[in-house]
Amino acid sequence: MNLVELFILAVGLSMDAFAVAICTGLTMKKTTVKKAMIVGLYFGIFQAVMPLIGYFAATWFADKIISYDHWIAFALLCFLGGRMIFESFKGGGCPDRVCPVETCKDRNCPGGKRPDNKEATLKPDEMLPLALATSIDALAVGVSFAFLQVNIVPAVSFIGITTFALSMIGVKIGNVFGTRFKSKAELAGGIILVLIGLKILLGHLGIIPL
């Protein structure tokens, strides 16, 4: 996997975190660089650590399935991408833990049900569940990395930095524009993951160059 492919994968993988960062920024009365960096660090660190865990877990049995590892990588990426595409059309709004009714611009957002309607904090008890939820998909990508024999340390560092940067941008976008970019981000991320999975499969089958 070359640098360009890794960058595209990192962007696609970070779209979930980007979408939730938009929702987080939506609840802030005023965004600052410090707040955006805190959100970025939560999502970036988890997005880097989870594929690392998946990679080392998969290396224990990667040599036993080397003949069809590209099919597994293809299936995982298509599953994750397909789910993101499906979620983008559901229009479920923001997670209810970060979307107070008085600032939400999405009529379908479940945040309107939140009883306290306060500005979301950036404390661990609120941010850690969000960071974990948005990084679960990266665990499966780490498994794919093991099958593809990707140099894992630069790969996860790149993913973490990309997610950090995009999450910071998402906070600002959410604060200024609302949730209008959330579904588009999820759709774009899903398409990217599916296309990368297809490229991996076709490359190993010899249909296109690796």
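Conventions adopted
Residues numbered from 1 in each chain as written. Predicted model: local features only at pLDDT ≥ 70, side-chain atom pairs only at ≥ 80, totals over all residues. Heavy atoms only, no water. Phe/Tyr/Trp six-rings, centres within 6.5 Å; stacked < 30°, edge-to-face > 60°. Helix = DSSP H or I, 4+ residues; strand = E, 2+ residues; numbered from the N terminus. Buried < 20%, exposed > 50% of the residue type's maximum accessible area, 1.4 Å probe, protein only. Salt bridge = Lys/Arg side-chain N within 4 Å of Asp/Glu carboxyl O. Lys, Arg positive; Asp, Glu negative; His and termini not counted. Contact = heavy atoms within 4.5 Å.

Q: Whenever I open this one, the packing of aromatic side chains confuses me. Can you help?
A: For any pair of aromatic rings, geometry is given as the distance between the ring centres together with the angle between the planes. Within this structure, the stated rule accounts for three aromatic pairs. Look at Y55 and F56: their rings are 5.3 Å apart centre to centre, the planes differ by 85°, and that puts the pair in the edge-to-face class. Judged by centre distance (6.4 Å) and plane angle (85°), the ring pair of W71 and F74 falls under edge-to-face. Here W71 and its partner F74 are both found in helix α4 (residues 69-90), three residues apart, which amounts to about one turn of the helix. Judged by relative accessible area, W71 falls into the partly exposed class, the value being 43%.

Q: Help me understand the pattern of salt bridges, please; the structure alone is not making it clear to me.
A: Close approach of charged atoms lets side chains of opposite charge pair. Across all of its chains, the model carries one salt bridge by this definition. When the shortest N-O distance is used, the salt bridge between E5 and K199 registers 2.4 Å. Of this pair, E5 sits in helix α1 (residues 3-13) while K199 is found in helix α7 (residues 182-204), placing the two residues 194 residues apart along the sequence. A residue is classified by how much of its surface remains accessible, and K199, at 27% relative accessible area, is partly exposed.

Q: In this structure, what is going on with the side chain of D16? I would like to understand it.
A: If you trace the backbone, D16 turns up in helix α2 (residues 15-27). For the buried residue D16, which engages in no salt bridge, the nearest side chain bearing the opposite charge is R83, 5.5 Å off. If near-sequence neighbours (up to four positions away) are discounted, D16 is found in contact with M84, T134, D137 and E186.

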